[in-house]
Each structure stands twice: as structure tokens, then as C-alpha cells.
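Breakdown of the fold
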Amino acid sequence: MDNIANFITELSKYFITLMPQVLDGLIETLKLFIVTLVLSLPLGIIVAIGRLSKNKIINKITNLYITIMRGTPLLLQIVFVFFGLPLLGIVFDRFTAAIIAFTLNYAAYFGEIFRAGIASIDEGQYEGAEVLGLSKKDIFFRIILPQALKRVIPPVGNEVITLVKDTALVYIIGIDELLKVGKNAVNRDANLMPLIVIGIVYIILTWTLSKIMNNIENKYSYYR
């Protein structure tokens with residue numbers, strides 16, 4: 001019991017000591033998370049439309065993009081954007097490079113999720129909407145897409161939670177997010193306690209997002 005009490009006491013001290021750095025790292029993590037989500041979700045819809053396109057050129061280009069993004073590690077993509085593109089004369093700052101890599105990667109995954117959702121809509125709905133005189137644009141954006149988005153909430157939620165954890169990968173290019181804050185503290189104090197603190201913060205983040213996604217799913221479940 002004394003060991004447990006000592007552990008909790010030490011952990012509490014580290015929480016208090018690391019709080020300023022943790023908050024700074026948390027802000028960087030949330031910035032990367034939010035910007036990636038805002039950019040990759042709409043891009044994912046565009047990718048899904050490309051995958052479903054009857055134009056062979058668009059379809060093949062989209063397929064190639066998805067194959068590359070899903071077939072290579074996100075860490076490699078981050079390294080390529082930040083360290084590789086400058087060899088071609090294309091230079092980005094750390095945060096922009098991370099956003100580009102994350103957005104392109106997650107748009108590919110979201111694109112496949114949205115494609116599956118759109119493909120799951122019964123063909124009869126297309127035919128019924130055409131009989132009513134709706135244009136193809138109205139059919140897609142007013143009838144098909146809203147239903148598809150409601151159906152894909154669970155898999156999108158899983159990717160959103162994965163995104164929070166994947167933000168730790170940007171330590172490789174020197175962004176001061178949560179994991180880097182923890183690693184710096186470990187190196188400074190020669191103690192693994194800071195990593196436990198960071199792990200707890202990640203758990204709180206993912207738990208909060210899980211609750212939010214579950215509430216969204218329950219809210220729209222009656223539409224499906």
C-alpha cells in the first residue's frame with residue numbers, strides 16, 4: 001500500500017510540475033488534430049467521388065493516390081514532405097509539413113469510408129429522385145450524401161480517435177506536441193513518470209472523443 005501511495009504522490013507531483021509544458025504540447029496536438037480533420041474530411045468526400053467516378057482517368061488517379069497513402073506509413077510520409085520535398089526546392093515549415101502529410105493520409109482513409117457509405121445507398125433512391133425531376137447534383141448532395149454520412153459515423157469516429165494518437169508522430173520533425181514534451185521530461189529527469197502523465201492525457205483525450213462520437217452516432221441512429 002505504501003508503494004502505491006508513494007507512486008500516486010510522485011505522479012501527482014509530476015502532473016503539477018509538467019502542467020505548463022503539457023498544456024503547450026496539448027495545444028499543438030489539438031491544433032494539428034483540428035486542422036487535419038477540417039481539411040481531410042471534405043477532401044475525403046472528393047476522393048470518394050473520384051473513386052466512384054465513371055471517368056477512367058479520374059478513377060485510376062484516385063485509386064493510385066489511395067494505394068500510395070494507405071500503402072506507406074504515415075511516419076514516412078511526414079519525413080518525405082518535410083525532408084524530401086526540399087530536395088526538389090519545395091520547403092514547408094514543420095507545422096505545415098505535418099498538416100500536409102496528415103491531411104493527404106487521412107483523406108485517403110476517409111475517402112474509402114465515404115465511398116463505402118455512398119455505395120451502400122440503394123439504387124432505387126437514385127431512380128426515385130430522377131423520377132421526381134431532381135438533377136444529379138441535387139440527388140447526390142441532398143439525398144445520397146446525407147444518408148451516407150450518417151451511415152459512416154462509426155468508422156469515421158474510429159479514424160478520428162486514431163488521428164489523436166497519430167499526432168505523436170510529428171515528434172520526428174521537432175514539433176513540441178504531447179509526446180515530445182514527455183520525452184524531454186524523461187531525458188531531463190531520468191524518470192519514466194512523465195510518459196505516464198502523457199499517457200493519461202491521451203487516455204482522457206480519446207475517452208472524451210469517444211463519448212462525443214457515441215453521442216453523435218446515437219443522435220443520428222434513427223435515420224438509418
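Worth saying up front: this structure is predicted, and the values here are computed from it rather than measured. (Residues numbered from 1 in each chain as written. Predicted model: local features only at pLDDT ≥ 70, side-chain atom pairs only at ≥ 80, totals over all residues. Heavy atoms only, no water.)

Moving on to the UniProt feature "transmembrane region" (unreviewed entry) in the protein chain. Under the UniProt annotation, "transmembrane region" (unreviewed entry) lies at residues 32–53, 74–92 and 192–210. Helix and strand shares over residues 74–92 are 58% and 0% respectively, and the end C-alpha atoms of the span are 17 Å apart. In the segment residues 192–210, helix accounts for 95% and strand for 0%; the C-alpha atoms at its two ends are 27 Å apart. (UniProt positions renumbered as here; feature names shortened; annotations may be inferred. Helix = DSSP H or I, 4+ residues; strand = E, 2+ residues; numbered from the N terminus.)

A word on a negative patch on the surface. A cluster of acidic residues, D122, E123, E127 and E130, forms a negative patch at the surface. Here E123 lies in helix α5 (residues 123–131). (Patch = residues over 30% accessible without salt bridge, like charges linked within 9 Å, V, L, I, M, F, W, Y side chains within 5 Å. Areas by Shrake-Rupley, 256 points an atom, 1.4 Å probe, with all protein chains shown as cover. Salt bridge = Lys/Arg side-chain N within 4 Å of Asp/Glu carboxyl O. Lys, Arg positive; Asp, Glu negative; His and termini not counted. Charge placed at Lys NZ, Arg CZ, Asp CG, Glu CD.)

We now examine the side chain of N59. By the element assignment, N59 lies in helix α2 (residues 56–71). Residue class for N59 comes out buried when judged on its relative accessible area of 17%. The contacts of N59, once residues within four sequence positions are left out, are G50, R51, L52 and S53. (Buried < 20%, exposed > 50% of the residue type's maximum accessible area, 1.4 Å probe, protein only. Contact = heavy atoms within 4.5 Å.)

Mapping V22 onto the fold places it in helix α1 (residues 2–52). Among the residues examined, V22 registers a relative accessible area of 4% and is labelled buried. For V22 and V197, which are 175 residues apart along the polypeptide, the C-alpha to C-alpha distance reads 8.9 Å. Those residues in contact with V22 that lie beyond four places of it in its chain are L178, V181, V197, I198 and V201.

Moving on to the nonpolar core. By size, the foremost hydrophobic cluster in this structure holds 50 residues, and its most contacted members are F102, F110 and L178. Listing elements by their share of this core, those giving two or more residues are α1, α3 (74–84), α4 (94–119), α6 (136–151), α7 (153–166), α8 (178–189) and α9 (193–220). By residue number, the principal contributor to this core is α4, which donates ten residues. In this view, F102 contacts L32, T36, L74, I78, L163, D166, T167 and V170; residues no more than four positions away in its chain are not counted. In terms of nonpolar packing, the next biggest core, distinct from the first, is built from six residues, V47, Y65, I66 and M69 among them. (Core = buried A, V, L, I, M, F, W, Y, C linked by side-chain atoms within 4.5 Å.)

With the rule as written, the count across this model stands at four salt bridges. R70 is paired through a salt bridge with E112; the nearest N and O atoms lie 3.5 Å apart. Taken as a pair, R70 in helix α2 and E112 in helix α4 lie far apart in primary sequence, 42 residues in all. The exposure class of R70 is partly exposed, given its relative accessible area of 41%.

Okay, the environment of S120 next. For S120, the position within the fold is in the loop between α4 and α5. For the pair S120 and I144, spaced 24 residues apart in sequence, the C-alpha separation works out to 9.7 Å.

A few words on the packing of aromatic side chains. One pass over the full model with this rule turns up six aromatic pairs. For the pair F102 and Y106, a centre-to-centre distance of 6.4 Å together with 0 degrees between the ring planes defines the contact as stacked. Here F102 pairs with Y106, and both are found in helix α4, just four residues apart, close to one helical turn. The exposure class assigned to F102 is buried, which follows from its relative accessible area of 0%. (Phe/Tyr/Trp six-rings, centres within 6.5 Å; stacked < 30°, edge-to-face > 60°.)

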